[in-house]
Amino acid sequence: MHKHGAHTEETNTMDRKRISTPRRFGASWWIAAALLAGCGGGGDSSSRKYDVEIRRTTMGVPHIKAADYAGVGYGMGYAQAEDALCTIANAMLTYRGERSRWFGPDTPVADPSTIGQPRNIDSDFFHRHVLSADAVAAFRAAQPTEVQSLMTGYADGYNRYLRDLRGNGSATAHAACRSAEWVASISTDDLYRRAYATNFAAGHANFLAAIANAQPPGATMSSGSARVGAAQQRDIAAAFAKLDLHVGGRTGVGSNMFGLGTDATGGASMLFGNPHWYWRGPDRFYQAQLTIPGTLNVSGSSFLGMPVILIGFNNNVAWSHTVSTARRFGFFQLTLAAGNPTSYVKDGATVAMTAVPISVQSKASNGTLSTVTRTLYRTPDGPLLNLAGLNPALAWTSASAYVIRDVNAINYRTFRNWTRWARAASLDEFAAIQREESAIPWVNTVAVGRGSTQAWYADIGAMPNVTPQQVADCTTPVGMAVGQVLPGVPFFDGSRSACDWVSDADSKQAGAIGPARMPSLLRSDYVANMNDSYWLSNPAQPLTGYPAIIGAAGAEVQSLRTRLGHTLVAQRLAGSDGYGGNRFTVDNLKQLVLNSRNLGAELFKTQALALVCGTPSIAVAADPLTEETFSPARSIDVSAACAALAAWDNTGNSEARGAHLWDEFWFRASGIDDADLYAVPFDAADPIHTPRDLKSTAAAQLQQAFGAAVMRVQESGFAVNAVRGDYLFATRNGVRIPLYGGCGGAGYFTVACSDKRIEQGGYSMDADPNANSYMQIVNFAGADVEAHTFLTFSLSDDPASPRYANYTQRYSAKQWVRMPFTEAEIAADPAFTTQKLRE
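The paragraphs below set out a description of the structure included in this document. (Residues numbered from 1 in each chain as written. Predicted model: local features only at pLDDT ≥ 70, side-chain atom pairs only at ≥ 80, totals over all residues. Heavy atoms only, no water.)

To continue, consider the overall build of the chain. Regarding its fold elements, the chain presents 24 helices and 35 strands. Dimensions along the principal axes, computed over C-alpha positions, put the chain at roughly 85 × 70 × 60 Å. Nonlocal contacts in the chain, meaning residues at least 24 apart in sequence, comprise 69% of its contacts between residues at least 6 apart. When the accessible surface of the chain is split by element, carbon and sulfur atoms take 52% of a total near 29,400 Å². (Helix = DSSP H or I, 4+ residues; strand = E, 2+ residues; numbered from the N terminus. Contact = heavy atoms within 4.5 Å. Areas by Shrake-Rupley, 256 points an atom, 1.4 Å probe, with all protein chains shown as cover.)

Further remarks concern the state of the cysteines. Working definition of a disulfide: a covalent bond connecting the sulfur atoms of two cysteines. With the rule as written, the count across this model stands at four disulfides. Each sulfur in the disulfide pair Cys743 and Cys753 lies 2.0 Å from the other. Disulfide Cys743-Cys753: torsion about the S-S bond near 90 degrees, hence right-handed. Pair noted here: Cys743 is in the loop between β28 (735–738) and β29 (752–753) and Cys753 is in strand β29, with a separation of 10 residues, a long-range link. Across the chain, the disulfide pattern expressed with sequentially numbered bonded cysteines is 1-2, 3-4, 5-6, 7-8. (Disulfide = S-S within 2.5 Å.)

Further remarks concern the sheet that holds strand β30 (residues 763–764). The strand order across the open sheet formed by three strands is β28-β27-β30, and the pairing between neighbours is mixed. One side of each edge strand has no neighbouring strand; the edge strands of this open sheet are β28 and β30. Alignment of strand β27 (residues 728–732) against β30, held across two bridges, turns out to be parallel. Note on β30: the bridge partner recorded for Leu728 is Tyr763. (Pairing = 2+ DSSP bridges.)

A few words now on the environment of Phe780. Counting through the fold element by element, Phe780 comes out in the loop between β32 (774–779) and β33 (786–791). It is 16 Å that separates the C-alpha atoms of Phe780 and Glu825, two residues lying 45 residues apart in sequence. Setting aside chain neighbours within four positions, we find Phe780 in contact with Ala268, Ser269, Asn314, Asn315, Asn316, Val317, Ala318, Val448, Gly449, Arg450 and Val785.

If you look at the biggest cluster of nonpolar residues, it comprises 236 residues, and the most contacted ones within it are Phe258, Phe665, Trp666, Leu702 and Phe706. Counting residues in each nonpolar core, the second largest holds 19 residues, with Ala214, Ala401, Cys474 and Trp501 among its members. (Core = buried A, V, L, I, M, F, W, Y, C linked by side-chain atoms within 4.5 Å. Buried < 20%, exposed > 50% of the residue type's maximum accessible area, 1.4 Å probe, protein only.)

Bringing the pattern of salt bridges into the picture now. Any two side chains of opposite charge can pair if their charged atoms end up close together. Counted according to the given criterion, the structure contains 45 salt bridges. A salt bridge links Arg378 to Asp134; the nearest nitrogen and oxygen atoms lie 3.0 Å apart. Taken together, the residues Arg378 in strand β15 (residues 369–379) and Asp134 in helix α5 (residues 133–141) connect sequence positions 244 residues apart. Arg378 gets classed as partly exposed once you look at its relative accessible area, which sits at 24%. Of the charged contacts in the structure, one is a salt bridge between Arg496 and Asp493, with a shortest N-O distance of 3.1 Å. Using a relative accessible area of 31% as the deciding quantity, one classes Arg496 as partly exposed. The class for Asp493 is buried, based on a relative accessible area of 16%. Sharing partners across several salt bridges, the network here consists of Asp623, Glu628, Arg634, Glu664, Arg668, Arg712 and Glu715. (Salt bridge = Lys/Arg side-chain N within 4 Å of Asp/Glu carboxyl O.)

Here's what the structure looks like:
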């Protein structure tokens with residue numbers, strides 16, 4: 001079981017001594033170490049606050065073992081800091097509202113996350129307002145003892161690593177930030193702010209700047225009007241249509257997941273989980289295992305700055321998440337009191353808003369600090385927001401103002417839910433916990449369990465509760481306009497209590513839907529979600545009859561990624577996909593989910609080529625994607641591109657040639673109205689196979705799309721038959737690592753979606769991509785759980801770390817990591833190392 005080269009490192013805060021000893025010295029060394037500890041090296045273990053072991057295995061994944069929750073939290077804090085100190089320290093400035101103090105007011109937030117990358121000053125005011133001391137105190141007080149212990153331990157472990165690094169740590173580690181004054185110790189308050197902030201990803205976070213800049217009208221402003229005409233409604237709808245909702249929007253981050261029951265496997269149930277998530281920043285996933293012997297043993301991923309496993313498995317259950325279509329927020333339009341723009345009328349009575357004076361330190365370009373003060377406002381429903389940036393008619397005037405309510409503002413149950421799941425002994429218990437808590441903030445859930453023949457899907461969590469009668473009676477004219485592009489978002493009259501959100505008999509919080517009216521499904525074949533609504537969790541059993549705020553059921557075209565996900569399962573069970581047999585195995589599932597098929601090309605490429613390749617050149621008058629126009633039109637030779645696209649194998653594998661032509665073409669072609677593009681329209685009775693077939697009458701628009709796509713490829717310098725791995729890549733220490741897959745919107749199930757266009761240097765995954773992140777395949781066929789994983793971007797953000805690129809290279813090669821779980825498996829791992837932390 002012991003491997004040559006594996007080692008033990010013991011770190012003791014009393015003398016800061018580090019001992020690195022090969023395990024081949026065996027028992028004699030352990031006896032000596034025990035004697036040394038008894039002679040003052042560590043003191044009586046019963047007097048220690050922390051006694052933690054961090055075992056790292058292949059790819060450097062930490063397996064943290066301690067006697068209690070505080071201990072595993074301590075190990076998680078230490079390990080995350082060791083791997084991602086700069087990112088975590090920077091993020092804590094965000095949650096404290098201190099970014100302007102260190103980096104100036106107008107610089108964008110450093111890393112992408114669920115808040116986007118707003119200006120520092122807006123981020124500071126938003127976080128100090130929404131993560132106010134009273135709100136965070138309420139969130140903290142509601143946490144169970146286990147979560148509070150995890151938070152305390154995490155802060156202590158993080159701070160311990162920072163002391164060690166600045167004391168006698170590696171001279172090269174975290175060179176980008178280790179000496180910076182802003183890298184400082186953290187408190188549990190920081191962690192509760194960080195944890196509470198995750199609640200708002202599908203609500204408040206999407207309106208950060210509007211909340212941070214919500215100010216009442218000045219004395220010189222006109223009185224304004226609460227009335228909105230038809231023309232303004234059209235303009236408002238167009239403005240809201242352009243909103244970039246990072247989580248819960250049409251083009252926001254997404255995920256894939258399958259829960260496979262025994263009818264699909266012929267044996268035990270299996271789970272495939274694959275969030276398409278951030279590769280940088282505080283919301284990127286961090287993989288770890290937390291073990292408290294006899295109490296807790298869970299493996300999976302969390303966000304940085306967080307000691308709770310959010311997606312993962314134990315020896316009895318496994319689960320994953322995808323972003324849900326359910327709306328988690330709504331607006332109230334206030335009627336303001338005459339002559340007082342900070343008071344509003346409710347049921348005929350005048351109610352004062354709560355004024356919240358906030359001061360932020362801001363650093364000027366010459367390094368001097370000044371204090372910037374804003375007074376922001378809130379009502380019992382939530383913060384005021386300034387929507388004038390979307391349309392002037394939505395300004396805060398003397399007559400009208402707007403409030404946003406996020407259902408997760410009083411959802412304090414999220415981390416209790418995940419902590420309970422980590423200990424769940426069966427799928428039945430797992431599902432019962434989800435119903436009891438109704439806490440999951442903005443994601444769907446799929447789970448499987450040992451001994452269960454079925455797989456579980458649910459969109460059960462915190463959701464606003466409004467009745468159809470309220471929608472009819474309370475929606476304002478502005479709300480009617482917004483509803484055209486954000487269906488399901490309640491935009492109500494705030495002057496009547498009859499328009500307040502309501503509660504069900506089984507609601508877990510005020511104004512929320514009860515679990516009995518939220519969708520769930522158990523199937524012995526499979527359940528799945530690829531970010532469309534709950535409706536087609538399994539096409540053989542469509543779910544209908546749930547509140548409209550949860551998502552469309554039967555009325556919405558499914559994404560190509562959703563259609564391909566269900567097609568992959570259907571072809572596997574039909575035995576028609578070339579993998580042999582007609583059931584899922586771990587091996588064929590590992591191949592299938594990375595095969596990088598492009599459904600759009602499979603359905604439409606041949607038809608498209610016939611419509612766009614009839615002439616050797618196309619006169620391009622405009623680029624439909626960038627909206628750039630050309631006068632005179634540009635003549636683009638497409639003959640070589642047509643030949644390359646015809647020869648392309650319809651995959652995004654790293655060795656595929658010509659895939660970028662399809663990507664650039666379909667990004668543009670898919671913008672054509674469905675009614676003009678497809679010969680067979682969407683049919684709710686056949687949602688996996690419709691819409692289909694391109695209309696011949698769309699030829700002119702398709703030619704413009706194709707000509708513009710070829711033009712951009714020519715501008716990029718990449719050949720029309722370039723190998724995909726040459727232009728789809730991640731860079732680590734100056735080395736490009738070739739990748740595969742593509743954007744879900746272009747038709748891929750295997751997702752690697754760059755925020756860069758081809759002419760911007762290729763599809764780099766180094767800035768703000770949306771891509772496969774923490775991936776797991778979990779099987780319960782044996783006595784011990786079997787898991788295969790990737791953390792696609794690697795564990796560490798530090799270029800000096802051996803964990804900076806290794807997982808990404810492994811992912812590039814499609815070499816899944818068999819993740820050890822039991823004590824024997826961890827100790828037998830060929831890359832095993834261990835570090836003991838005592839304090």
